[in-house]
Amino acid sequence: MTIGEFATMSHLSVRTLRRYHEAGLLAPATVDPYTSYRYYQPDQIATAQVIHRLRQLDVPLAEVKSILATDDPERRTELIAGHLRRLEAELDRTRAAVVSLRQLLRPDAAAPEIELRSVPARTAVAIRAQVEQENALAWFDLAMTELDESFPPTERTGPPGGRYANELFTDGIGLMTVFRPVRSPRASGRIEVVEFPPADLAVTVHRGPHDDIDVTYGRLGAWVASHALGVDGPVHETYLVGPRDTGHAERWRTEIGWPVFRIASG
């Protein structure tokens with residue numbers, strides 16, 4: 001087939017096919033030594049379309065060549081799956097950024113409802129560790145799963161929560177604590193029984209998925225700063241309704257507590 005015929009059958013432009021040839025991705029079956037005309041075989045159509053799809057997904061040229069060079073279907077699938085995972089992670093980051101920007105750019109955004117609350121001391125089972133911020137979500141999921149498996153719903157007395165040291169945000173690594181209040185706290189493996197001291201908090205509720213929870217944090221922090229109330233201490237989160245309760249993210253409710261100066265009674 002001429003390059004024009006091949007372009008029609010593969011739905012790829014002649015220019016694209018020439019570019020693939022020059023990049024070493026798809027060489028014609030033959031090239032006329034006198035006219036330099038390119039000719040292709042029918043069994044190259046699928047290869048050309050695979051290349052096109054991979055390039056649409058921004059797979060680097062080097063990876064495309066590796067995928068085409070392997071005759072092992074499992075290895076080929078592994079290479080493509082690896083790039084798809086990276087793309088999915090990038091899509092998650094992009095979606096989170098878009099949601100946050102939409103919230104930030106809303107001139108009519110209502111101020112969050114904030115209350116000052118004194119939280120009494122309490123005992124809970126918890127898992128604690130120094131965690132890098134980039135690994136925080138994966139660590140959280142594993143730790144919470146471990147707590148859930150050790151303490152079934154009949155033993156729980158309230159929603160789970162977390163305590164996150166300032167260093168997690170300022171230095172990129174810090175102490176993370178996830179916990180559950182239960183009827184009979186007991187240590188097991190890396191699960192500890194932790195006594196949480198009383199605290200005074202400025203509290204608001206983030207509604208919906210966590211893609212834009214940073215916006216709620218920012219608004220709460222701005223309120224605390226403007227009222228000159230902020231003190232050093234871990235941020236408190238309580239997962240009133242979360243992914244473990246429902247797959248409908250719009251129903252999630254995350255309570256955020258910012259430590260403040262002790263509230264005067266009366």
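The structure this text deals with has already been given above.
Residues numbered from 1 in each chain as written. Predicted model: local features only at pLDDT ≥ 70, side-chain atom pairs only at ≥ 80, totals over all residues. Heavy atoms only, no water.

Student: In this structure, what is going on with the packing of aromatic side chains? I would like to understand it.
Tutor: How two aromatic rings sit relative to each other is set out by the distance from centre to centre and by the angle between their planes. Summed over all chains, the structure comprises three aromatic pairs. Centre to centre, the rings of F140 and Y239 are 5.5 Å apart; their planes meet at 75°, and the pair counts as edge-to-face. One end of the pair, F140, is in helix α6 (residues 136-150); the other, Y239, is in strand β9 (residues 235-241), with 99 residues separating them in the sequence. You can call F140 buried: its relative accessible area is 14%. Judged by centre distance (4.8 Å) and plane angle (50°), the ring pair of F179 and F196 falls under tilted. In this pair, F179 is assigned in strand β6 (residues 173-180) and F196 in strand β7 (residues 192-196), connecting sequence segments 17 residues apart. Above the ring of F196, the side-chain terminus of R163 is found at 5.0 Å from the ring centroid. (Phe/Tyr/Trp six-rings, centres within 6.5 Å; stacked < 30°, edge-to-face > 60°. Helix = DSSP H or I, 4+ residues; strand = E, 2+ residues; numbered from the N terminus. Buried < 20%, exposed > 50% of the residue type's maximum accessible area, 1.4 Å probe, protein only. Lys NZ or Arg CZ within 6 Å of the ring centre and 35° of its normal.)

Student: Would you mind going over the pattern of salt bridges with me for this structure?
Tutor: Proximity of charged atoms lets side chains of opposite charge pair with each other. Taken as a whole and assessed by the stated rule, the structure comprises eight salt bridges. Here R180 ties to D148 by a salt bridge, and the two come within 2.6 Å at their closest N and O atoms. Of the two residues, R180 is situated in strand β6 and D148 in helix α6; the sequence distance between them amounts to 32 residues. Classification of D148 as buried rests on a relative accessible area of 17%. Salt bridges linked by common partners bring D148, R156, R180 and R244 together as one network. (Salt bridge = Lys/Arg side-chain N within 4 Å of Asp/Glu carboxyl O.)

Student: Help me understand the pairing of strand β10 (residues 253-259) in this model?
Tutor: Burial of β10 is extensive: five of the seven residues sit out of reach of the surface. As defined by bridge partners, β9 adjoins β10 across five bridges and the pair is classed as antiparallel. Paired with E237 across the bridge in β10 is I256. (Pairing = 2+ DSSP bridges.)

Student: I tried to follow the pairing of strand β5 (residues 161-164) on my own but got confused; where do I start?
Tutor: The side chains of a regular strand alternate, residue by residue, between the two faces of the sheet. Of the two faces of β5, the one lined by G161 and R163 and the one lined by G162 and Y164 are each fully buried. As paired elements, β5 and β6 share four bridges and run antiparallel to each other. What sits directly across from Y164, in β6, is M176. Judged from the four bridges that link them, β5 and β9 form a sheet pairing that is antiparallel.

Student: Can you help me understand helix α3 (residues 45-56) in this one?
Tutor: One turn of an α-helix holds 3.6 residues; hence residues three or four places apart share an orientation. For α3, spanning twelve residues, the distance from its first C-alpha to its last is 17 Å, which sits close to the expected 16 Å at 1.5 Å a residue. The complete set of buried residues in α3 reads I45, A48, I51 and L54. Two residues or fewer past α3, D58 is found with a positive phi of approximately 60°. (Expected span 1.5 Å × (residues − 1).)

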